[in-house]
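Take a look at the letters that make up each chain.
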Amino acid sequence: MPKRSQEMLMDLWLSLLLVWITCVLSVSMTPIIGQSKSTQTGGSAVVASGVGEGQRLLSRAKRGWVWNQMFVLEEFSGPDPILVGRLHTDKVENDTARYSLSGQLLEPMTEFIIKVQDINDNAPKFTEGPYHAAVEEMSAVGTSVITVTATDADDPVYGNSAKLVYSILEGQPYFSVDPNSATIRIALHGMDREMREDYQVVIQAKDMGGHMGGLSGTTTVSITLQDINDNPPKFSKSLYEFVIPEDLPLGKEGGKVKANDRDIGENAKSTYSIIEGDDQGVFEIITNATTQEGILQLRKPLDYESKRNYTLKVEATNIRSEPRSNGPFKDTATVKIVVEDSDEPPVFSKPMYLLEVDENAPINKIIGTVTARDPDATGSPIRYFIDRHTDLERQFNINVDNGRITLAKPLDRETDMWHNITVTATEVRNHSQISRAVVAIRVMDINDNAPEFATEYEAFLCENGKPGQVIQTVSAVDKDDPIQGHYFDYRLVPEMLNNPNFTIKNNQDNSISVLAKHDTFRRQKQEMYFLPIIVTDNGNPPMSSTNTLTIRVCGCSKDGIVQSCNVEAYVLPIGLSMGALIAILACIILLLVIVVLFVTLRRHKNEPLIIKDDEDVRENIIRYDDEGGGEEDTEAFDIATLQNPDGINGYLPRKDIKPDLQFMPRAGQHSGPNGVDVDEFINVRLHEADNDPTAPPYDSIQIYGYEGRGSIAGSLSSLETASSDSDQNYDYLREWGPRFRRLGELYSVGESDRET
C-alpha cells in the first residue's frame, strides 16, 4: 500500500476513535429507562429510550435534546454510514417513539451544528518561488541571505496539519536554513567568489510538525556571491624590457604593462605609476581605462648620446579600497628601457636668435651668427640657408658653412623696424634632416630724419587782436625714434630774429606758441605774413628743417571769431550777415558754372571735323627700305584719315560743309564707345593698300590717337587748344577767407600758367 494511503487510513482511524470516545461519554450521561432498541428508517439512525422506569421519569421537568453538536470527518468514502451522533427525547413515556430527519415535530426547532473535522490532505507550497538572492563573498557564518515562505491549505487550528518545518535538501555545507523562520544563512567560512560564484539551494517545507506522515513541498533558491576587493593586482611578469628609438615623439607610446586582477568591475581597476628610476621625469605612465593597461610615454626627448638605458620600477594600485582589507592592494614590476640610436636633425644652440643692426649699416656687414650641430655620434657637417619665404626682398644673406648672417640691401628703420627670418640647418650626409630657427633682427635707429611741422599750419590773426595774443600753437614730429625720446628746439630764422610783428614762446612740451607783438595789423596794408621757423632735434648729429607758418590777417567779431579775411569784404555794409555772404557766393559760383558750360559747348560746336595737316603736331614714324622719295613717301598714306575714322570706305568728308553721312558699323562687329570700329577701319585701309596697283609697296608704321567724338566738353588734349582754359581772373576768391581758399586755388591755376 502506498505511503500516502497508509497515512490517510491512519488519520481516519484516529478520527473514528475520537468520535467513539465522545459518543460513549455522551451516552453515559443519559439515564437508561429500559432496554433500548434502535431501528433504521430511511437510512436515518433513530435512538429509542428504555421502558423500565419510564413512568417515574414522566414526572420530571421538560428538557430538550441531550446534545446538539456533532462531528463528521472530511473526505470519508467508506461503504457504510458513519455514526455522527445519538438523539434522545424525554417527551415520550414509552419506547414507541421513532426518530427521522423529517416528519411531525415533537420538539421545538433546534439548530444542530455538524463540524467537519480536518484531515492532512494539503501539502505545503512556495507560492513565490523559485528565488534569487545575492550575498557578498567572504561573508561571516550566519549572515542572512534570504527568507522563503511556504503556505499550507489545511486548518492550522485542528491538529498539526498546517504546522510547517523547513529543512535544506541541497546546498550544504555552504548554507543552512532556520526550521521555523525559513531564513537561509551562510554556513561556511571564507566563501570566495573567484573560486565559485553561483549556488543552487533546495529548501523543503513539511507539515505535521515535520513528523512522519506529514506532507512536504520544495523550492529552489539561486544564490550569487557578490565580488569584493579581496584580490590585489598582479603583473603578468616581474620584468618588462622595451627598445625605444630616441626620436620617438613626445606623448607617443613606448611600451605597455598590465597587472591582472581576479576581481571584477570597479574592484579590478588599477592605476599605474613610476616610483623609482626616473629622477629627471623623462617618462610617464598612464592608464587605459578600457584595457586596464599601463601605457609608457615620453615626457622629455631621449638622447642616445647622453643616456642609453633606463631602469624603472612601476607600481599598480587598486583604485577602490575594501574596508575589511588592510589597505589598497598593490604590485610592482621592473621595466628596462634601451634607447635606440636614430639619425636626428641638427640642433641649434638657441631656439630663437635676437640680432641688432644699425639702419645705416653698409652692405655685407656681419649682423650675427647662428650655430647648429649634429647630435648624432657621427657628427655630420651642417649647411645653413635662409628660408626665402620669410625674406622675400632678400634683405639678408647667410654663409652656408658657418651660419654668418650679413646685410644684402640697405635698411630703413622707418619702413621696417623688425625683420623676422627663418634659418634652416641641414646635414650634409642626410639632406632630409632639417632644423629651423627663428632669427629676429631689430633695426636700430639713427638720426637720419629731420623734424617737421606736425601738419601744414595756417594761422589767422584778428585785426583787433591784442599784443601778446597766441596766434597759433605749433608742434613737430620726427620719424626717428631715439632711445632718450624726442626733444625739439624751435627758433626763428636769423633774418627774422628781430621780427617786429611776431615772436615765439617755448611751451616746454615740444611745442611753441606764436605771439603777435602789436595790435596794428590791417588787411589793407598786408593781409598775409610768412614766418619761417627752424626745428632741430636732439639726435647725434642733430637734424633740422625750416618750416613756414602762414599767418593771414582777418576781420573778426568782438568775440574773436573770424568773419572775413579779404580786403573787399571789409567795405561791405556792416549789417550784412555771414548767411547773406554765403548766398551771394553760391550765386556767383552758379553763374561761373553756367558760363563755363556755355563756352565749352560753343568751342565744341566750332570744332573742325577734319584736322588740318599743318595743325597736326603728332609724330609720324615712317619706315621704308627703298632709296629716294624722302618726305614724299608720306603721301602713300593719309594720316588725317587715321586721326578721324569717319573717313573710311573711301568717303572723305569735305572740310567746308557738314557731312550728311555717318559711319555705321557692320553687322556682327563690336563698335567702340563712340560708334567707330577702329579695327575694321584699319583692316579696310590695309586691304585697299594691298590691292592698289599704283601704291608703292612701302612698309609704314602710323602712330595715331583718335579720341572719339560726342563729348560736349570737347577734346581734353592740349595739342589742338588754341586758347587758354579761362580768360577770367579768380584771384579774388582767395581773398574771401579760409572757406574759399581751396576754390580760389582751383580757379587760379590758369592764371598762374599764363604768367609762367
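Just so it is clear, the structure is predicted and the values come from calculations on it, not from any experiment. Think of each chain on its own: its residues are numbered from 1, step by step along the sequence as written. Only residues with pLDDT of at least 70 get local features here, since the model is predicted, and only at 80 or more are side-chain atom pairs given and counted; chain-wide, interface and lining totals rely on the full set of residues. Hydrogens and water molecules were not included; the side-chain quantities draw on all heavy atoms of the structure.

### Things to note about the overall build of the protein chain
- A count of helices and strands for the protein chain gives seven helices and 37 strands.
- Counting over 756 residues, the protein chain shows a buried share of 35%.
- Calculation of accessible area relied on Shrake-Rupley with a 1.4 Å probe; when residues are assessed, cover is drawn exclusively from the protein chains displayed. Put simply, the protein chain shows about 46,800 Å² of open surface, and 53% of that area lies on carbon and sulfur atoms. Numbering of helices and strands runs from the N terminus; a helix is a DSSP stretch of H or I covering at least four residues, while a strand is a stretch of E covering at least two. Relative accessible area decides the class of each residue, using a 1.4 Å probe on protein chains only: under 20% of the type maximum gives buried, over 50% gives exposed, and in between gives partly exposed.

### Some remarks on the sheet that holds strand 8 (residues 175–177)
- At least two bridges found by DSSP between two strands is the condition for calling them paired. Strand order in this open sheet of three strands is 6-9-8, and the pairing throughout is antiparallel. Each of the sheet's edge strands pairs with one partner strand only, and the pair in question is strand 6 (144–147) and strand 8. Strand-to-strand twist in this sheet, taken as the mean axis angle between neighbours without regard to direction, amounts to 25 degrees.
- Inspection of the sheet shows strand 8 paired to strand 9 (residues 183–186) by three bridges, in the antiparallel sense. The residue of strand 9 that forms the bridge with Phe 175 is Ile 186. Axes here mean lines fitted to C-alpha atoms, for a helix over just the part in contact, with angles spanning 0 to 180 degrees between N-to-C directions.

### Let's talk about unusual backbone geometry
- Note that the residue after Gly 129, namely Pro 130, is joined by a cis bond; omega there is -5 degrees.
- Mapping Pro 130 onto the fold places it in the loop between strand 4 (113–117) and strand 5 (131–136).
- For the bond running from Gln 172 to Pro 173, omega is 5 degrees, close enough to zero to count as cis.
- Residue placement: Pro 173 occurs in the loop between strand 7 (165–170) and strand 8.
- One non-glycine residue, Gln 508, adopts positive backbone phi at about 65 degrees.
- As for its position among the elements, Gln 508 is in the loop between strand 33 (502–506) and strand 34 (511–516).

### Focus: the confidence of the model for the protein chain
- Chain-level statistics for the protein chain give a pLDDT mean of 77 and a share of 69% at 70 or above.
- A low-confidence stretch, residues 568–574 stays under pLDDT 50, and its non-local contacts, those more than four residues away or across chains, total six contacts.
- Here residues 615–619 scores under 50 on pLDDT; set against residues more than four positions off or in separate chains, the count is nine contacts. pLDDT is a residue-level measure of predictor confidence that goes from 0 to 100. Note on definitions: a residue-residue contact is assigned when non-hydrogen atoms from the two residues lie within 4.5 Å.

### Description of the nonpolar core
- Core analysis: the largest hydrophobic core is formed by 24 residues, its most contacted members being Val 145, Tyr 166, Phe 175, Ile 184, Ile 203, Val 221 and Ile 223.
- Contributing elements (two or more residues each) for this core: strand 5, strand 6, strand 7, strand 8, strand 9, strand 10 (198–206) and strand 11 (216–226).
- Among the elements that line this core, the one with the most residues is strand 10, at four residues.
- Discounting chain neighbours no more than four positions away, the residues touching Phe 175 are Val 145, Ile 168, Ile 184, Arg 185, Ile 186, Ala 187, Met 191, Tyr 199, Val 201 and Ile 223. What is meant by a nonpolar core is a set of buried Ala, Val, Leu, Ile, Met, Phe, Trp, Tyr and Cys residues, joined one to another through side-chain atoms within 4.5 Å.

### Some words on the state of the cysteines
- By definition, disulfides here are pairs of cysteine sulfur atoms that lie within 2.5 Å. Tallied over the full model, the rule gives two disulfides.
- Between the sulfur of Cys 462 and that of Cys 556 lies a disulfide, 2.0 Å long from S to S. Taking the sign of the S-S torsion, about -85 degrees here, the bridge from Cys 462 to Cys 556 comes out left-handed. In this pair, Cys 462 is assigned in strand 30 (residues 458–462) and Cys 556 in strand 36 (residues 544–556), connecting sequence segments 94 residues apart.
- Disulfide connectivity for the protein chain, with bonded cysteines indexed by sequence position, reads 1-3, 2-4.

### Quick notes on the packing of aromatic side chains
- Centre distance within 6.5 Å is the pairing criterion for rings of Phe, Tyr and Trp, where only the six-membered ring of Trp is used; planes under 30 degrees apart are then read as stacked, over 60 as edge-to-face, and the remainder as tilted. Throughout the structure, instances matching the rule amount to twelve aromatic pairs.
- Ring plane angle 55 degrees and centroid distance 5.0 Å describe the contact between Tyr 174 and Tyr 199, whose orientation is recorded as tilted. Within this pair, whereas Tyr 174 is found in the loop between strand 7 and strand 8, its partner Tyr 199 is found in strand 10, the two being separated by 25 residues in sequence.
- Classification of Tyr 174 as partly exposed rests on a relative accessible area of 26%.
- Look at Phe 235 and Tyr 272: their rings are 6.1 Å apart centre to centre, the planes differ by 55 degrees, and that puts the pair in the tilted class. Within this pair, whereas Phe 235 is found in strand 12 (residues 234–235), its partner Tyr 272 is found in strand 15 (residues 270–276), the two being separated by 37 residues in sequence.
- With a relative accessible area of 6%, Tyr 272 lands in the buried category.

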